[in-house]
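Here's the letter readout for the chains.
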Amino acid sequence: MENLQLEILLVEDSKNDAELTIRAFNKKNLSNNILHLKDGASAINFLFGKGAFLNRDIGNKPKVILLDLKMPKVDGLEFLKKVKGNEFTKSIPVVVLSSSKENRDIEEAYSIGANSYVVKPVDFIGFTNAIVGIGTYWIQLNQPPLT
């Protein structure tokens, strides 16, 4: 993956949700380069080339980050603060993909800089359709600035 453009960084602690997400992207050929990390601490290390990711090319930024809120070690909101508070990473689109419908979570995510907030549908078809919609927009349609 090091030489290929990373398209999606999936930060999700639920193994089932991660597998469903990756399966939906693959089924619709929306992304070939997905990296799944299970917590915010690993994702921070990945983006900034620290810890286990010390020697990776940090210039290879994802086109989009899909972020769960409720995770161990570093939760989604803390991760979002670090990403959006750093000049190097603040332009990476972050889509919060959470089961939380709490207005305070939604408001806080947007106030920190989330680009989108999607509540995970509980049924399989709804979940798959939501993922395909996210992928279609952020990978195929969105035009980020050239860096």
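Residues numbered from 1 in each chain as written. Predicted model: local features only at pLDDT ≥ 70, side-chain atom pairs only at ≥ 80, totals over all residues. Heavy atoms only, no water.

Q: Just to check I follow, could you spell out the overall build of the chain for this structure?
A: If you tally the helices and strands in the chain, you get five helices and five strands. Mapped from its N terminus to its C terminus, the chain presents α and β elements in the order β-α-β-α-β-α-β-α-β-α. A compact globule built from 147 residues should have a C-alpha radius of gyration of about 15 Å, and the chain, at 14 Å, falls within 12% of that. Within the span of the chain, comprising 147 residues, buried residues form 48% of the whole. For the chain, the share of sequence-separated contacts (at least 6 apart) that also reach a separation of at least 24 residues comes to 67%. Surface accessibility of the chain: about 7900 Å² in total, with carbon and sulfur atoms responsible for 50%. On the chain, the mean spot of the 18 positive side-chain charges and the mean spot of the 17 negative ones are 3 Å from each other. (Helix = DSSP H or I, 4+ residues; strand = E, 2+ residues; numbered from the N terminus. Rg over C-alpha atoms; globule rule 2.2 N^0.38 Å. Buried < 20%, exposed > 50% of the residue type's maximum accessible area, 1.4 Å probe, protein only. Contact = heavy atoms within 4.5 Å. Areas by Shrake-Rupley, 256 points an atom, 1.4 Å probe, with all protein chains shown as cover. Lys, Arg positive; Asp, Glu negative; His and termini not counted. Charge placed at Lys NZ, Arg CZ, Asp CG, Glu CD.)

Q: Looking at this model, I keep getting lost on the side chain of K61. Mind explaining?
A: Among the structural elements, K61 can be located in the loop between α2 (40-48) and β3 (64-67). Although K61 is buried, it makes no salt bridge; E87 carries the closest opposite charge, 9.3 Å away. Of the polar contacts made by the side chain of K61, one reaches the backbone oxygen of F88; its length is 2.7 Å. Dropping the residues within four chain positions of it, K61 is found in contact with Q5, L6, F88 and I92. (Salt bridge = Lys/Arg side-chain N within 4 Å of Asp/Glu carboxyl O. Polar contact = N/O pair within 3.5 Å; in protein donor to acceptor, adjacent residues only side chain to side chain.)

Q: What is the right way to look at the environment of N129 in this model?
A: Tracing the backbone through its elements, the reader meets N129 in helix α5 (residues 124-141). The exposure class assigned to N129 is exposed, which follows from its relative accessible area of 51%. In sequence terms N129 and A24 are 105 residues apart; their C-alpha atoms lie 8.2 Å from each other.

Q: I tried to follow the packing of α2 against helix α3 (residues 76-84) on my own but got confused; where do I start?
A: Any two packed helices are characterised by the angle at which their axes cross and by the distance between the axes. Running from amino to carboxyl end, α2 crosses α3 at an angle of 15°, the nearest separation of the two axes being 9 Å. The orientation of α2 with respect to α3, classified from their angle, is roughly parallel. The handedness of the crossing between α2 and α3 is right-handed. Between α2 and α3, the residues in contact are G40, A43, I44, L47 and F48 and F79, K82 and V83, respectively. For the contact of α2 with α3, the residue count by class is six nonpolar, one polar and one charged. (Axes fitted to C-alpha atoms, helices over the stretch in contact; angles between N-to-C directions. Parallel < 35°, antiparallel > 145°, perpendicular 65-115°, else oblique. Left-handed = near helix turned anticlockwise from the far one by under 90°. Nonpolar A, V, L, I, M, F, W, Y, C, P; charged D, E, K, R; others polar.)

Read these as spatial facts, not as claims about activity.
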